[in-house]
Amino acid sequence: MDRDRASVRGPAVRRVTVIGTGLIGTSIALALRARDVDVALSDPDADSLRLACDLGAGRPLPEEGEGRPADVAVVAAPPAAIPGVLRRAQDRGLAHVYTDAASVKASVLAEAERLGCDTATFVPGHPMAGREKHGPGAARADLFLGRSWALCPTGKADTETVAAVAELARMCGATPRVVDAAAHDRAVALISHAPHVAASAVAARLVDGDDTALALAGQGVRDVTRVAAGDPAMWMEILTHNAAPVAEVLAAISDDLAATARALGSLDRGGIAALASAPVRDLLVRGRNGQGRLPGKHGVVRRPDYTVVPVVIPDEPGALGRLFASAADAGVNIEDVRIEHTPGLPLGIAQLSVLPSAVETLSEALAGQGWSVHHPEG
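The rules we used
Residues numbered from 1 in each chain as written. Predicted model: local features only at pLDDT ≥ 70, side-chain atom pairs only at ≥ 80, totals over all residues. Heavy atoms only, no water. Helix = DSSP H or I, 4+ residues; strand = E, 2+ residues; numbered from the N terminus. Buried < 20%, exposed > 50% of the residue type's maximum accessible area, 1.4 Å probe, protein only. Contact = heavy atoms within 4.5 Å. pLDDT = per-residue confidence, 0-100. Pairing = 2+ DSSP bridges. Axes fitted to C-alpha atoms, helices over the stretch in contact; angles between N-to-C directions. Phe/Tyr/Trp six-rings, centres within 6.5 Å; stacked < 30°, edge-to-face > 60°. Core = buried A, V, L, I, M, F, W, Y, C linked by side-chain atoms within 4.5 Å. Salt bridge = Lys/Arg side-chain N within 4 Å of Asp/Glu carboxyl O. Expected span 1.5 Å × (residues − 1). Polar contact = N/O pair within 3.5 Å; in protein donor to acceptor, adjacent residues only side chain to side chain. Parallel < 35°, antiparallel > 145°, perpendicular 65-115°, else oblique. Left-handed = near helix turned anticlockwise from the far one by under 90°. Nonpolar A, V, L, I, M, F, W, Y, C, P; charged D, E, K, R; others polar.

> In this structure, what is going on with the overall build of the chain? I would like to understand it.
In terms of regular secondary structure, the chain is built from 15 helices and 13 strands. For the chain, the residues scored as buried account for 41% of the 378 residues in total. Pairs at least 24 apart in sequence give 71% of the contacts found in the chain among residues at least 6 apart.

In structure tokens form, the structure reads like this:
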């Protein structure tokens, strides 16, 4: 990754046009509005546009345009639609700099070049955040807080152009990271696209589950299958655009599962337990080690000496931002955060990782501001 290009502070981003008012587009707009950015919104779906505006995400983009270009235009549309939307936006001169938010990059960039888009002013992007819900009603201003935001600039985009999009990502609370488009697609196949298919495979087994099994379902199966609730049509398009890298990861997962199934099957038949169980243990150990490699805040590998402070938060826009603000008021740095949603209730648990020396200060400050703080873990 060329992190230096993402670390350059860009020019002030004061006016933004967001094309597409689904979950991601509206969340970007809400985050920018929280920073007093002037946001104009556009979407061919009039109902979606109206709802996004009613939520305070911005104002409708006039049919004839703004009269002067925005600092940045964000195309938040499905991958297949982005090149055409980008070309029309550039032909209208809607902005000085353009970016997108699709979860695949190489195919989008190739089609944009084929359509004659100006790749000197286009910085392909991908905010690494989402929800299993979709549409503007699911949008959150804090969706990108602490998340990575991939930037895949073309060789034609200059430093100032990349810096403008990096600045937009930072204003949404994210950490911009420059990465090659092909490397990005391989990465998201591993950490997003193949896991979604794997989660769907597990969730598909629940279709035939009896009432007793489903009644016993706990947080574990909910965690594993949460993303499977995503829109199948949207995911079909994503998988089609990143087919080869996803297929490679799924083949490796399939090999691990097949070896584990064979080992467990031989145990059921009274086979040699010590030998047969080796693939099972191997997979469980590698799984634990792999999960432990997932980075926390700002891409830094999580430290084992943090203490986790659980805090109950409402499942509503801005709740996480308010919690972070309360921690900041107490002078405590949140090193990492994870959210566990409570099934059937409009709230969840924010697992705040902090240094042990900050636990008492944080707990007392949050409790004093009305947050429900529970006994620290770890």
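Continuing now.
> Can you help me understand the confidence of the model for the chain in this one?
Interpretation of the predicted coordinates at a detailed level should be avoided for regions scoring low in pLDDT. With 90% of its residues at a pLDDT of at least 70, the chain reaches an overall mean of 88. Scored below 50 in pLDDT, residues 297-301 makes eleven contacts in the model with residues more than four places away or belonging to other chains.

> Just checking my understanding: could you explain the sheet that holds strand β7 (residues 125-127) for this structure?
In a beta sheet, neighbouring strands are held together by backbone hydrogen bonds and run either parallel or antiparallel to one another. Reading across from one edge, β7-β8-β9 is the order of the three strands in this open sheet, with mixed pairing throughout. Every other strand in the sheet has two partners, leaving β7 and β9 (175-178) as the edge strands with one partner each. Sheet twist, expressed as the average angle between the axes of neighbouring strands with direction ignored, equals 20°. Note that β7 and strand β8 (residues 148-151) share three bridges and pair antiparallel. Note on β8: the bridge partner recorded for H126 is A150.

> What is the right way to read the packing of aromatic side chains from this model?
Where two aromatic rings form a pair, the distance of their centres and the angle of their planes describe that pair. Applying the stated rule across the entire model yields one aromatic pair. Arranged with centres 5.3 Å apart and planes meeting at 50°, the rings of F144 and W149 form a pair that is tilted. As far as the burial class goes, F144 and W149 line up, both buried.

> In this structure, what is going on with the sheet that holds strand β5 (residues 95-100)? I would like to understand it.
Sheet architecture is open: six strands sit in the order β3-β2-β1-β4-β5-β6, paired in parallel fashion. With partners counted over all chains shown, the strands left at the sheet margins are β3 (59-60) and β6 (122-123), one partner each. Of the strand pairs in this sheet, β5 and β6 are connected by two bridges, and their pairing is parallel. Bridge pairing in β6 links Y98 to F122. In this fold helix α2 (residues 23-33) packs onto β1 (15-19), β2 (38-42) and β4 (70-75), with an angle of close to 165° to the strand it touches most, β2. On the sheet, helix α3 (residues 46-54) packs against β2 and β3 and is oriented at approximately 160° with respect to β2.

> Help me understand the nonpolar core, please; the structure alone is not making it clear to me.
Ranked by size, the top nonpolar core spans 40 residues in total, and within it L32, L41, F144 and W149 carry the most contacts. Elements that contribute at least two residues to this core include exactly β1, α2, β2, α3, β4, β8 and α6 (159-171). In contact with F144, other than residues within four places in its own chain, are I24, S27, I28, P127, A129, W149, C172, G173 and A174. L61, L86, A112 and F122 belong to the second-largest nonpolar core, a separate cluster that totals 22 residues.

> Would you take a moment to explain unusual backbone geometry for this structure?
Even without glycine at this site, D36 takes up a positive phi of about 65°. One can find D36 in the loop between α2 and β2. Judged by relative accessible area, D36 falls into the exposed class, the value being 68%.

> Please explain the pattern of salt bridges as it appears in this structure.
Opposite charge on two side chains permits pairing when their charged atoms draw close. For the coordinates displayed, the defined rule picks out twelve salt bridges. The shortest N-O distance in the salt bridge between D47 and R50 comes to 2.5 Å. Here D47 and its partner R50 are both found in helix α3, three residues apart, which amounts to about one turn of the helix. A salt bridge links R114 to E111; its shortest N-O distance comes to 2.8 Å. Here R114 pairs with E111, and both are found in helix α5 (residues 106-114), just three residues apart, close to one helical turn. We classify R114 as exposed; its relative accessible area is 60%.

> Would you take a moment to explain the environment of D91 for this structure?
Mapped onto the elements, D91 comes out in helix α4 (residues 82-92). Residue classification places D91 among the exposed residues on the basis of a relative accessible area of 55%. As for D91 and D118, which are separated by 27 residues in sequence, their C-alpha atoms are 9.5 Å apart.

> Teacher, can you tell me more about α6 here?
Since the α-helix turns once every 3.6 residues, residues separated by three or four places project in the same direction. In this model α6 runs 18 Å from its N-terminal to its C-terminal C-alpha over 13 residues, within 8% of the 18 Å that 1.5 Å per residue would give. With eleven of 13 residues buried, α6 is to be regarded as a mostly interior element. For α6, every residue scored as buried is listed here: T161, V162, A163, A164, V165, A166, E167, L168, A169, R170 and M171. Looking at where α6 begins, the residue whose side-chain oxygen comes 3.3 Å from the main-chain nitrogen of E160 is D158. Directly beyond the C-terminal end of α6, a positive phi value near 90° is found at G173.

> Looking at this model, I keep getting lost on the packing of helix α7 (residues 181-205) against helix α10 (residues 232-241). Mind explaining?
Packed helices, taken two at a time, are described by the angle their axes make and the gap between the axes. Contact pair α7 / α10: the axes reach a minimum separation of 11 Å and the direction vectors enclose 130°. Here α10 runs oblique to α7, going by the angle between their axes. Considering only the axes of α7 and α10, their crossing is left-handed. Contacts between α7 and α10 involve S192, H193, H196 and V197 on the former and, on the latter, W235, I238 and L239. Tallied by class, the residues present in the contact of α7 with α10 amount to four nonpolar, three polar and no charged.

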